[in-house]
Amino acid sequence: MKRPTLEAVAAYAGVSRATVSRVVNGQTTVAPKIRDTVLRAIDDLGYVPNPAARSLVTQRTDSIALVVSESPTRVFSDDPLFSTVIRTASMALEAADRQVVLMLAGSARSHARVERYIAGGHVDGVMLISMHGADPLPTALSRLRVPVVSYGRPPVPANLPYVDNDNVGGAEAAVRHLLGAGRRRIATIAGPQDMVGGQDRLAGYRNALRDGDGRPSVAVGDFTRESGATAMRRLLAADPGLDAVFAANDLMAMGALRSLRQSGRRVPDDVAVIGFDDIEAAEYTEPPLTTVRHPIFEQSSAMVRLLLGLYENGTADPVILPTELVVRQSA
């Protein structure tokens, strides 16, 4: 069956092609009665606008790129951060009549592909997630004059609006809780130090420990369970008498719990454990995990609002959301 055209809709409704075009593209200069007539004609004929032609008129694609600077293995792992951000951003953009284009940028080759795609005018804006070190995308995309926002403070200096949570304050609250419970030999499993979240949570640990006259003991993981388990074994080897550990995310804390059980340590009797994020699984560990609640849903929604505001107004200020210590049995 031949696809109905704009001209066919105009003839059916008894109006000009230009009038139908204005209705299809959401312009408000058409009288309500005529608009209703055109909409009925569109419905009767089953007309579907041509996206490419519509973009030429509106200069909009109604698509937003969600660029994750990680490998597919990491994005589609058991870390719920990525699925929560993708789902929440997609829902928020759908409510604004826009769609998400998911792009992975975990290598130099994929960085170049993302840059070419965005330079081609295929999206109206970009949301960057999980950037590492001297990620070239913020600088490269700023030259393309496309609205860009970041989930988390960018790791390199860039005039880039972002939404983050209080990583430093959340880590400080966790360590102060341990100090207040009488723990004195407090170690940490830090996140990757080429990521701002890993850096800030380590800074918060050091700040609180310095205030409590404690001696730092640090092992670095990569936000996975396996790295948490390995880091915990290193920390126990370095200081068998440690009595608490703060892990920079819940998955690493879960790995630490496993290593502590294997070493014969009881949690929290011998070693207290605190994580960061408050993922759903944290409530179901043995024992249930004390953690710092990272408002992933709120941060993702705020990122979309920030981007839409930047698209409409041309400017946007960074947003920092508060964290909250959730006390359970592990500490």
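Structure: above.
Residues numbered from 1 in each chain as written. Predicted model: local features only at pLDDT ≥ 70, side-chain atom pairs only at ≥ 80, totals over all residues. Heavy atoms only, no water.

1. Points about the overall build of the protein
Formally: Numbered from the N terminus, helices here are DSSP runs of H or I no shorter than four residues, and strands are runs of E no shorter than two. Using C-alpha atoms as the atom set, the radius of gyration is obtained and then compared with a globule rule of 2.2 Å times the number of residues to the power 0.38. Only protein chains enter the accessibility calculation, which uses a 1.4 Å probe. A residue is then buried if its area is under 20% of the maximum for its type, exposed if over 50%, and partly exposed in between. We call two residues contacting when some pair of their heavy atoms lies within 4.5 Å. Using a 1.4 Å probe, the Shrake-Rupley method yields the accessible areas, and only the shown protein chains count as cover for residues. The charge count treats Lys and Arg as positive and Asp and Glu as negative. His and the chain ends do not count. Charge positions come from single atoms, namely NZ of Lys, CZ of Arg, CG of Asp or CD of Glu.
When its secondary structure is counted, the protein shows 13 helices and 12 strands. In terms of C-alpha radius of gyration, the protein reaches 25 Å, well past the compact-globule figure of 20 Å for 331 residues. Counting only residues that meet the buried cut, the protein has 49% of its 331 residues in that class. Counting only contacts in the protein whose residues sit at least 6 apart along the sequence, the fraction spanning at least 24 positions is 71%. Of the roughly 15900 Å² of accessible surface on the protein, 52% is carried by carbon and sulfur atoms. Each charge sign in the protein was given a centre, from 36 positive and 36 negative side chains, and these centres are 4 Å apart.

2. Re the sheet that holds strand 7 (residues 218-220)
For clarity, the cut-off: Strands are treated as partners if at least two bridges between them are detected by DSSP. Axis angles are defined between N-to-C directions and span 0 to 180 degrees, where every axis is a line fitted to C-alpha atoms and, for a helix, only to the segment in contact.
The 6 strands lie next to each other as 7-6-8-9-10-12, forming an open sheet whose pairing is mixed. The open sheet is flanked by strand 7 and strand 12 (324-326), the only strands paired with a single partner. On average, each strand axis in the sheet is inclined to that of its neighbour by 20°, with strand direction left out of account. Bridge analysis of strand 6 (residues 186-190) against strand 8 (residues 244-247) gives 4 bridges, and the strand direction is parallel. Across the sheet, the residue bridging to Ile189 is Ala247, located in strand 8.

3. Quick notes on the packing of helix 1 (residues 6-13) against helix 2 (residues 17-24)
The condition that has to hold: Here the angle decides the label: under 35 degrees means roughly parallel, over 145 means roughly antiparallel, 65 to 115 means roughly perpendicular, and every other value means oblique. Note on residue classes: Ala, Val, Leu, Ile, Met, Phe, Trp, Tyr, Cys and Pro are nonpolar, Asp, Glu, Lys and Arg are charged, and everything else, Gly too, is polar.
One can describe the packing of helix 1 onto helix 2 by two numbers: an axis separation of 8 Å at closest approach and a directional angle of 110°. Our classification of the angle between helix 1 and helix 2 gives roughly perpendicular. The segment helix 1 lies against helix 2, with Leu6, Glu7, Val9 and Ala10 engaging Arg17, Val20, Ser21 and Val24. Considered class by class, the residues forming the contact of helix 1 with helix 2 number 5 nonpolar, 1 polar and 2 charged.

4. Some remarks on the pairing of strand 5 (residues 162-165)
Side chains of strand 5 alternate between two faces, with Tyr162 and Asp164 and Val163 and Asn165 buried alike. Taken together, the 2 bridges between strand 4 (residues 148-151) and strand 5 define a ladder with parallel strand orientation. When the sheet's bridge partners are listed, Tyr151 is paired in strand 5 with Val163. In this sheet, strand 11 (residues 319-321) lies alongside strand 5 in parallel orientation, the contact comprising 3 bridges. Within the sheet, the bridge partner assigned to Val163 lies in strand 11 and is Val319.

5. A look at the pattern of salt bridges
Selection rule: By definition here, a salt bridge exists when the distance from a side-chain nitrogen of Lys or Arg to a carboxyl oxygen of Asp or Glu is within 4 Å.
Enumeration over the complete set of coordinates arrives at 13 salt bridges. The shortest N-O distance in the salt bridge between Asp239 and Arg185 comes to 2.5 Å. Residue Asp239 is located in the loop between helix 11 (225-238) and strand 8, and its partner Arg185 is located in the loop between helix 9 (167-180) and strand 6; the two are separated by 54 residues in the primary sequence. Here Arg185 falls in the partly exposed class, since its relative accessible area comes to 42%. Ionic pairing is found between Asp277 and Arg201, a salt bridge with its closest N-O pair at 3.8 Å. In this pair, Asp277 sits in strand 9 (residues 272-277) while Arg201 sits in helix 10 (residues 196-211), placing the two residues 76 residues apart along the sequence. With respect to burial, Asp277 and Arg201 carry one shared label: buried. One connected set of salt bridges, linked through shared partners, spans Asp278, Arg293, Glu324 and Arg328.

6. Looking at the nonpolar core
Definition in use: Residues belong to a common nonpolar core when they are buried Ala, Val, Leu, Ile, Met, Phe, Trp, Tyr or Cys residues joined through side-chain atoms within 4.5 Å.
Membership of the largest hydrophobic core comes to 26 residues, with the highest contact counts inside it found for Ile189, Met232, Leu235, Leu242, Val245, Leu260 and Val273. When contributions to this core are tallied by element, the ones reaching two or more residues are strand 6, helix 11, strand 8 and helix 12 (250-262). A total of 7 residues in this core trace back to one element, the largest contributor, which is helix 12. If we skip the residues at most four places from it in the chain, Leu242 touches Arg185, Ala187, Met232, Leu235, Leu236, Asp270 and Val271. The next biggest cluster of nonpolar side chains, apart from the first, holds 23 residues, and it includes Ile86, Leu93, Met127 and Leu321.

7. Concerning the packing of aromatic side chains
We apply this condition: Aromatic pairing here means that ring centres of Phe, Tyr or Trp (its six-membered ring) are within 6.5 Å. Orientation follows from the plane angle: under 30 degrees is stacked, over 60 is edge-to-face, and everything else is tilted. In our convention, an over-ring charge means Lys NZ or Arg CZ found within 6 Å of a ring centre and within 35 degrees of that ring's normal.
Taken as a whole, this structure holds 1 aromatic pair when the rule is applied. Here the basic side chain of Arg201 rests over the ring of Phe276, its NZ or CZ set 3.8 Å away from the ring centre.

It is worth stressing that arrangement in space is one thing and function is another; only the former is reported here.
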